[in-house]
Amino acid sequence: MVGVLIRMRLRLTARAMREGRAAVNFWVGSLFGLAAALVTAALIGFAHESFHGGITIAAALFAGWTLGWICGPVLTGSSDETLQPEQFRLLPLTDRQLAYGLAAAAFAGPAAVVNLLAFLGLAILAGPKGIVPVLIALIGAVLQLIFVVLLSRVMVAWLGAAMRSRRGRDLGVLLAALLGLAYYPLNLLITNLGPALENSEGGLPTALRAAPSGWAPYAVESAVRGDALWAVLPLLGLAALCLALWQAWAVLLHRRLTLPPAPAGQVLDSSTGLLDRYLPATPVGAVVAKELRSWWRDGRRRAALLPLLLIGFALPAFLSFQNNGTGTIAFSGGFVVWMATMGSANLYGFDGTSVWQTIVTPGAARADVRGRAIAWTMLVAPVALLAAVILPGVLGQPRLYPWVLCTLPVLLGVGVAVVVFLSTHAAFALPPQRGNPFAGNGNPGCAKVLIQLTAGLGQLLISVPVLVILGVGTALDNPFVQWAALPVGLIIGGLAATAGIRLATTRLEARGPELLAEVKPR
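The present account deals with the structure reproduced in this document. (Residues numbered from 1 in each chain as written. Predicted model: local features only at pLDDT ≥ 70, side-chain atom pairs only at ≥ 80, totals over all residues. Heavy atoms only, no water.)

A few points about helix α16 (residues 332-342)
- Of all 11 residues in α16, 10 are buried, a share of seventy percent or more.
- Buried within α16 we find S332, G333, G334, F335, V336, V337, M339, A340, T341 and M342. (Buried < 20%, exposed > 50% of the residue type's maximum accessible area, 1.4 Å probe, protein only. Helix = DSSP H or I, 4+ residues; strand = E, 2+ residues; numbered from the N terminus.)

Quick look at the structure:
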């Protein structure tokens, strides 16, 4: 069975290497990953003059890769489920057999190869020390690869299991947000380890070796010292941890395949709902109500948006702490819009094949695109505006009000344009929503990262005129010039939103069947 699943995974990977945009995503992601792996291996092998310092660097870089495997699915809103457990529900397999087969298939992709290359830098470091340290390094690299892959699967499966109940959905989104937030302080810690690692003494190297990600480097260091016991024990501990993670994944797979998701709850009479009271009884109003309800009830949408909204608040704080100031915190509203835009650029991918109802309804495309844009703005704008109005005053920096309030309309307008434009021009399919709200089809991680980078860069580039006016006003110490950027920002944001909605509407009307084919689950 393991061989069959591995061949299935390889066949699907080979198909992804040849099919249009999926092939571009595959090769671009693979090349970036390969470059990162080679840089990691080179840093481990040659970045420090002493062997002890090299082991400390290896432990730090192993921790960074492990952190990426844990937080990556949450930050990008996607995890690779090329083979979904539900596809094998009817086969006569035990949970452990299925977990064993899916775990083996998870290593049959480019991500495993790239990570193995990065971890093999430990063997390069151990090369001059003899054959035994090299063997220990090779075994440790393989065990570290198994550890990070299984750890990522368990974390995503655990969040998916938490979100299968009504209360668990809210808790799961909160946990996902906290997990995503953990990336930034830990990454900030790791990226500032350089000066501390130069010393290679003290509590920091010990802490890096004590973490499971540092067990393989410590085993190599012990082998070089001739300490056979501590050369073997960390590897045995890593193997035992991998076994425990595999067992935990088997249990979570059993829950996913046997426990049905909780019902969405009683649907109240829509005639008494707040949305129907205040939204107009028009096609656009109906789409706005439908979208707001979908964002509130759909676990996958909430998993994509809410963690990024919280990260938008937290990221400026971490940047401020890094720079020993508080100025960046005042721009939390802009960061919220920026992060929300990057996480919402696949609206029709969330809906899947239900988009056919819009395609076959005459004149529905215009109302659908406008309604989606208005609903997204109603979700994001109040949070961002509240942060923009309150935070500069609370932080005692009123001089930042022109910068915060004048750039916010541009970011919102361009954000609306980017969301609807990319949702119609660069939509991609998501698998049927089952047990994993972060699941993606094929190789979605690269596609989502590229779309997120495109959205973020677009917002920054179109904000340049407003930033220039603000800069001139600041240089002249003239508040009137600074506030002159506000109407410019409103005009640019409004024009950008109008242009994006118009282009998205034209695309949906002209290429609706192609969009349906793109978002159809494979």
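And the narrative resumes.
As for unusual backbone geometry
- In this structure, D477 takes a positive phi of about 55° despite not being glycine.
- Along the chain, D477 turns up in the loop between α22 (464-476) and α23 (479-483).
- Judged by relative accessible area, D477 falls into the exposed class, the value being 67%.

Some points on helix α11 (residues 215-225)
- Regarding α11, the residues found buried are A216, P217, A219, V220, E221, S222 and A223.
- With its phi angle positive at about 85°, G226 sits one or two positions after the end of α11.

What to know about the packing of aromatic side chains
- The final tally for this structure, using the stated rule, is five aromatic pairs.
- For the pair W65 and F119, a centre-to-centre distance of 6.4 Å together with 75° between the ring planes defines the contact as edge-to-face. Taken together, the positions of W65 in helix α3 (residues 51-76) and F119 in helix α5 (residues 110-119) put the pair 54 residues apart, joining distant regions of the chain.
- Consider the rings of F335 and W338, whose centres lie 6.1 Å apart with planes at 75°: the pair is edge-to-face. Taken together, the residues F335 and W338, both in helix α16 and three residues apart, mark about one turn of the helix.
- On the accessibility criterion, F335 (17% relative accessible area) is buried.
- Residue classification places W338 among the partly exposed residues on the basis of a relative accessible area of 24%.
- An aromatic cluster of three or more residues is present, and its members are F62, W65 and F119.
- If you follow R301 out to its NZ or CZ, it ends over the ring of W295, 5.0 Å from the centre.
- Here the guanidinium or amino end of R372 rests over the ring plane of Y348, the centre of that ring lying 4.2 Å away. (Phe/Tyr/Trp six-rings, centres within 6.5 Å; stacked < 30°, edge-to-face > 60°. Lys NZ or Arg CZ within 6 Å of the ring centre and 35° of its normal.)

Some points on the side chain of S222
- Looking at where S222 falls in the secondary structure, it is placed in helix α11.
- Sequence-distant contacts of S222, defined by excluding residues within four places in its chain, comprise D227, W230 and A231. (Contact = heavy atoms within 4.5 Å.)

Focus: the pattern of salt bridges
- Counted by the stated rule, this structure contains nine salt bridges.
- A salt bridge links K290 to E291; its shortest N-O distance comes to 2.9 Å.
- Judged by relative accessible area, which is 0%, E291 ranks as buried.
- For E291, the salt bridge is made with R372, and the minimal N-O distance between the two is 3.2 Å. Placement of E291 in helix α14 (residues 283-297) and of R372 in helix α19 (residues 364-394) is noted, with a sequence separation of 81 residues between them. (Salt bridge = Lys/Arg side-chain N within 4 Å of Asp/Glu carboxyl O.)

Quick look at the environment of V414
- With respect to the helices, strands and loops of the structure, V414 is situated in helix α20 (residues 401-425).
- Residue classification places V414 among the buried positions, given a relative accessible area of 1%.
- For the pair V414 and G458, spaced 44 residues apart in the sequence, the C-alpha separation amounts to 7.5 Å.
- If near-sequence neighbours (up to four positions away) are discounted, V414 is found in contact with G458, Q459, I462 and A496.

Observations regarding the nonpolar core
- By size, the foremost hydrophobic cluster in this structure holds 56 residues, and its most contacted members are L102, L122, V220 and W249.
- Contributing elements (two or more residues each) for this core: α2 (20-46), α3, α4 (95-106), α5, α6 (121-126), α7 (131-162), α11 and α12 (228-258).
- Counting residues in each nonpolar core, the second largest holds 37 residues, with V355, V404, A504 and L508 among its members. (Core = buried A, V, L, I, M, F, W, Y, C linked by side-chain atoms within 4.5 Å.)

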